[in-house]
Amino acid sequence: TGLLFVFSTCFYAGAQNIAVSDSAKISLITCSPGPEVYAKFGHTAIRYQEPTTGMDVVFNYGIFDFNVTGFYYKFIKGETDYQLGVYDTRYFLPEYKERNSQVTEQVLNLTKEEKQKLVDALFTNYLPENRIYRYNFIFDNCATRPRDKILEVISDRVDYSNDSTLKTFRDWVGEYTGKKSWTMFGIDLVFGMDADKYSSRWNSMFLPEILSKEFGAVQLVSSGGSKRPLVISEEILVNKIPDQSDKSFWYREPLFITLVLLAAGSILTFYEYRRKKHYKSIDSILLITTGLAGVIIFYLMFCSIHPLVKSNFNLLWCNPLNVFVGIFLWVKKGRVAINFFQLANVILFLAVLIVFVLSIQSINVASIPAICLLLVRSLYWFSVRKFHA
């Protein structure tokens, strides 16, 4: 990465007032998803080739720095800054070959005037005072920025294909993370009601592969009615090698794990009931774990500027107060207060199940066994009180 920034800095010094030739090519570059969490959705860039000078560079809006002070705190809060990087294509492609991502190039059918406007706009955007932007996962990312820059310079009307898949934001994210994965389980916990809204064609292009598909079908219509395709050719620059190790195992999936926990917890609760015992450590672990999850959900709801995390009904069962109750269980003088809290928990657990049944908000199916186990343990609390009455 350091080498790329050195190249970018040197390149910037000689990249002003570039005159685009008739033979210049500008392409949309789409990289398929990679294994890392931050690469799950793929990547988009703009390639500019100038045969007259030998220039062949990529404009990449996906540059960020893990070493920035408070990076993770800013990321959680939604205040992550990304920036535009410009570097030689020969440095760009090997990175995606190494992570085994397919790289597809779509050459854009732009007029010379449109190419000049786009190149000028990109280099202006690369000025030190302009290159940094506030990243937004849905509405302002490495795919939407290239889309907007390209469409801004097109003078003709953009005619999209009528063939467009209508999905919610949650569904789109699930397509790329795997609906049965632990990644999606965590995302579903922090996503609120807004994630269940249907994404428009425009907003769906936050995903690089969807942007590529949409651009591939676009027709540009002039004032006189003549049409030209936005993409005139498509080529795979880097092939993806099939990865056999990419298989998932059902016994590692969240639903299987939470079902096992529900079964084990129910059997243990029955054993406790027959023996008139109470293993407080079980309740303490469950409450503290869900409470810590609730702290994250609460923070995202009220302090974060991330989209799609507001109005989250998962807060009903991942209650931040559970952390304190999980500790307070061990204090004998707190039993009366815990009685009220456990009664409130029963109501909240039933309420979140109703939310799921009525489809008020989509909840990850793996959460249902966990909620049921919490409900079983809260109800058992009142039996314990009878034993010790």
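Just above sits the structure.
Residues numbered from 1 in each chain as written. Predicted model: local features only at pLDDT ≥ 70, side-chain atom pairs only at ≥ 80, totals over all residues. Heavy atoms only, no water.

Peer 1: Would you mind going over the overall build of the protein chain with me for this structure?
Peer 2: The secondary structure content of the protein chain amounts to 14 helices and 10 strands. Taken along the three principal axes of its C-alpha coordinates, the protein chain extends 90 × 45 × 40 Å. For the protein chain, with 389 residues in total, the buried portion stands at 48%. Sequence-distant contacts in the protein chain: of pairs separated by 6 or more residues, those separated by 24 or more amount to 76%. For the protein chain, the accessible area works out to roughly 20000 Å², and carbon and sulfur atoms hold 61% of it. (Helix = DSSP H or I, 4+ residues; strand = E, 2+ residues; numbered from the N terminus. Buried < 20%, exposed > 50% of the residue type's maximum accessible area, 1.4 Å probe, protein only. Contact = heavy atoms within 4.5 Å. Areas by Shrake-Rupley, 256 points an atom, 1.4 Å probe, with all protein chains shown as cover.)

Peer 1: Teacher, can you tell me more about the sheet that holds strand β5 (residues 103–108) here?
Peer 2: Strand-to-strand pairing in sheets goes through backbone hydrogen bonds, with the strands running parallel or antiparallel. Pairing in this open sheet of 7 strands is antiparallel, and the strands run β6-β4-β3-β2-β1-β5-β10 from one edge to the other. Two strands close off the open sheet at either side, each with one partner strand: β6 (132–134) and β10 (231–238). When the angles between neighbouring strand axes are averaged without regard to direction, this sheet yields 25 degrees. Here strand β3 (residues 55–63) pairs with strand β4 (residues 81–88) via 5 bridges, running antiparallel. Opposite Asn60, over in β4, you have Gly85 as the bridge partner. Helix-sheet contacts for helix α4 (residues 112–125) involve β1 (25–31), β2 (43–50), β3 and β4, and the interaxial angle to β3 is about 55 degrees. Across the sheet, helix α9 (residues 208–217) is in contact with β1, β2, β5 and β10; its angle to β1 comes to roughly 140 degrees. (Pairing = 2+ DSSP bridges. Axes fitted to C-alpha atoms, helices over the stretch in contact; angles between N-to-C directions.)

Peer 1: Help me understand the pattern of salt bridges, please; the structure alone is not making it clear to me.
Peer 2: Side-chain pairing between opposite charges can occur once the charged atoms of the two side chains come close. Inspection of every chain in the model, using the stated rule, returns 19 salt bridges. A salt bridge links Lys112 to Asp22, with the shortest nitrogen-to-oxygen separation between them at 3.5 Å. With Lys112 in helix α4 and Asp22 in the loop between α1 (2–13) and β1, this residue pair connects regions lying 90 residues apart in the sequence. Taking relative accessible area as the criterion, Lys112 reaches 44% and is therefore assigned partly exposed. A salt bridge links Arg145 to Asp140; the nearest nitrogen and oxygen atoms lie 2.8 Å apart. (Salt bridge = Lys/Arg side-chain N within 4 Å of Asp/Glu carboxyl O.)

Peer 1: I'm lost on the nonpolar core in this one. Help?
Peer 2: Side chains that are nonpolar tend, in soluble globular proteins, to be buried together. By size, the foremost hydrophobic cluster in this structure holds 36 residues, and its most contacted members are Tyr48, Phe59, Leu108, Ile150, Ile154, Phe215 and Leu230. Among the secondary structure elements, those contributing two or more residues to this core are β1, β2, β3, β4, α4, α5 (144–152) and α9. If sequence neighbours within four positions are ignored, Phe59 has contacts with Ala45, Ile46, Tyr48, Leu84, Gly85, Val86, Leu122 and Phe123. If you look at the next biggest cluster of nonpolar residues, it comprises 19 residues, including Met301, Leu315, Ile368 and Leu375. (Core = buried A, V, L, I, M, F, W, Y, C linked by side-chain atoms within 4.5 Å.)

Peer 1: Would you mind going over the sheet that holds strand β9 (residues 227–229) with me for this structure?
Peer 2: Spatially, the 3 strands line up as an open sheet ordered β7-β8-β9, and their pairing is antiparallel. The open sheet has two free edges, formed respectively by β7 (157–159) and β9, since each of these has just one partner strand. Taking the axes of each pair of neighbouring strands and ignoring which way they run, one obtains an average angle of 30 degrees across the sheet. Note: β7 against strand β8 (residues 219–221), 3 bridges, orientation antiparallel. Directly across from Arg157, in β8, lies its bridge partner Val221.

Peer 1: Explain the environment of Asn162 to me, please; I cannot follow it from the model alone.
Peer 2: One can find Asn162 in the loop between β7 and α6 (169–177). Separated by 56 residues in the primary sequence, Asn162 and Val218 place their C-alpha atoms 10.0 Å from one another.

Peer 1: Whenever I open this one, empty space enclosed by the protein confuses me. Can you help?
Peer 2: To find leftover empty space, one rolls a probe the size of a water molecule over the atoms. Across all of its chains, the model carries 1 cavity of 30 Å³ or more by this definition. Of the voids in this model, the largest cavity is the one considered here, and its volume is about 50 Å³. Contributing to the lining of the largest cavity are Asp283, Leu286, Leu287, Gln342, Phe349, Leu374, Arg377 and Ser378. Looking at the lining of the largest cavity, the elements with two or more residues in it are α11 (280–303), α13 (335–357) and α14 (367–387). Looking at side-chain class alone, the lining of the largest cavity contains 4 nonpolar, 2 polar and 2 charged residues. (1 Å grid on protein atoms, 1.4 Å probe; cavity = no way out; pocket = protein on both sides within 12 Å on 5 of 7 lines; lining within 4 Å. Points joined across faces, edges and corners; volume = space filled by probe spheres on them. Nonpolar A, V, L, I, M, F, W, Y, C, P; charged D, E, K, R; others polar.)

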